[in-house]
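Tertiary structure, described
Okay, here's what each chain looks like letter by letter:
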Amino acid sequence: MNMKTYLAKPEEVQRKWYVIDAEGKTLGRLATAVATILRGKHKPTFTPNVDCGDHVVIINAEKVVLTGNKAEDKVRYTHSQYPGGLKAAKYGDLLKTKPEYALTKTIWGMLPHNRLGRQMIKKLRVYRGSEHPHAAQQPEALEIKA
């Protein structure tokens with residue numbers, strides 16, 4: 001009996017919209033769950049070389065939490081590619097000033113670092129408050145375990 005392996009084609013992929021409330025959720029655990037959805041690994045039709053993922057809208061990004069001493073100890077480094085261009089920001093400060101950036105960069109680190117990953121990250125939208133402009137897409141609320 002020959003079983004054929006199913007490979008999804010980009011035009012066959014059915015995309016859904018999910019809205020996730022980040023209030024009280026741990027940064028890393030939330031990011032892994034969102035990365036899984038963006039990648040499409042939660043679907044039985046997952047194909048590694050095709051963007052099978054769904055759209056994700058994250059609200060209340062400023063209310064995400066860090067466990068332990070990570071707010072003080074964990075550091076986000078960026079470099080301008082010029083001599084002496086290294087910048088360091090503590091995650092606690094980053095979450096206060098730019099929570100959307102902090103969440104997006106954390107999730108981006110969990111996606112493939114190639115064309116496919118750049119395509120996947122475009123399906124992520126992060127908002128500071130509880131309002132988002134994607135009501136027309138009728139996103140369904142998704143509960144991530146804390």
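It should be noted that the structure appears before, not after, this text.
This text gives an overview of the structure that appears in the document. (Residues numbered from 1 in each chain as written. Predicted model: local features only at pLDDT ≥ 70, side-chain atom pairs only at ≥ 80, totals over all residues. Heavy atoms only, no water.)

1. Examining the pairing of strand β4 (residues 86-90)
Defined as follows: Burial classes: relative accessible area under 20% of the type maximum marks a residue as buried, over 50% as exposed, and values in between as partly exposed (1.4 Å probe, protein chains only). Every helix listed is a DSSP run of H or I at least four residues long, and every strand listed is a run of E at least two residues long, numbered separately from the N terminus. The pairing criterion for strands is at least two bridges between them, as found by DSSP.
By the criterion of burial, β4 is predominantly exposed, with just zero of the five residues buried. Here five bridges tie strand β3 (residues 75-79) to β4, and the two strands are oriented antiparallel to one another. Paired with H79 across the two strands is L86, which belongs to β4. The antiparallel hairpin formed by β3 and β4 contains six residues in its connecting segment, where Q81 sits at a positive phi of about 70°.

2. Some thoughts on the nonpolar core
Operational definition: Side-chain atoms within 4.5 Å link the members of a nonpolar core, which is a set of buried Ala, Val, Leu, Ile, Met, Phe, Trp, Tyr and Cys residues.
L30, V34, V56, I58, L103, I107 and L124 are the most contacted members of the largest nonpolar core, which has 29 residues in total. The element contributing the most residues to this core is helix α1 (residues 27-39), with eight residues.

3. Concerning the side chain of H55
The following threshold applies: Polar contact is defined as a pair of N or O atoms within 3.5 Å, subject to the rule that within protein one atom must be able to donate a hydrogen and the other to accept it, and that residues adjacent in sequence are counted only when both atoms are side-chain atoms. Pairs of residues are marked as contacts when any of their non-hydrogen atoms sit within 4.5 Å.
Within the element layout of this structure, H55 appears in strand β2 (residues 55-59). Owing to a relative accessible area of 14%, H55 belongs among the buried residues under this scheme. Here the side chain of H55 touches R125 through a polar contact of 3.0 Å, side chain to side chain. Those residues in contact with H55, other than ones at most four positions away along the chain, are R15, K16, W17, Y18, K123 and R125.

4. Focus: the pattern of salt bridges
Quick note on the threshold: Salt bridge criterion: a side-chain nitrogen from Lys or Arg within 4 Å of a carboxyl oxygen from Asp or Glu.
Per the counting criterion, the structure on display carries seven salt bridges. In this structure, K43 and D54 form a salt bridge, with 2.9 Å as the shortest nitrogen-oxygen distance. Within this pair, whereas K43 is found in the loop between α1 and β2, its partner D54 is found in the loop between α1 and β2, the two being separated by eleven residues in sequence. Classification of K43 by relative accessible area gives buried; the value is 16%. Accessibility expressed as a relative area gives 0% for D54, which makes it buried. One network of salt bridges, in which partners are shared, links R15, D51 and K123.

5. Let's talk about the environment of V19
When you line up the elements, V19 lands in strand β1 (residues 17-21). Overall, the relative accessible area of 14% leaves V19 in the buried class. With near-sequence residues (within four places) excluded, V19 lies in contact with V57, I59, H132, P139, E140, A141 and L142.

6. Considerations on the sheet that holds β1
The condition that has to hold: All axes are obtained by fitting lines to C-alpha atoms, using only the stretch in contact for helices, and the reported angles, taken between N-to-C directions, cover 0 to 180 degrees.
The strand order across the open sheet formed by four strands is β5-β2-β1-β6, and the pairing between neighbours is parallel. The open sheet has two edge strands with one neighbour each: β5 (124-126) and β6 (140-141). Packed on one face of the sheet, helix α4 (residues 99-108) meets β2 and β5 and runs near 155° to β5.

So, to be careful, I would describe these as geometric facts and stop short of saying anything about function.
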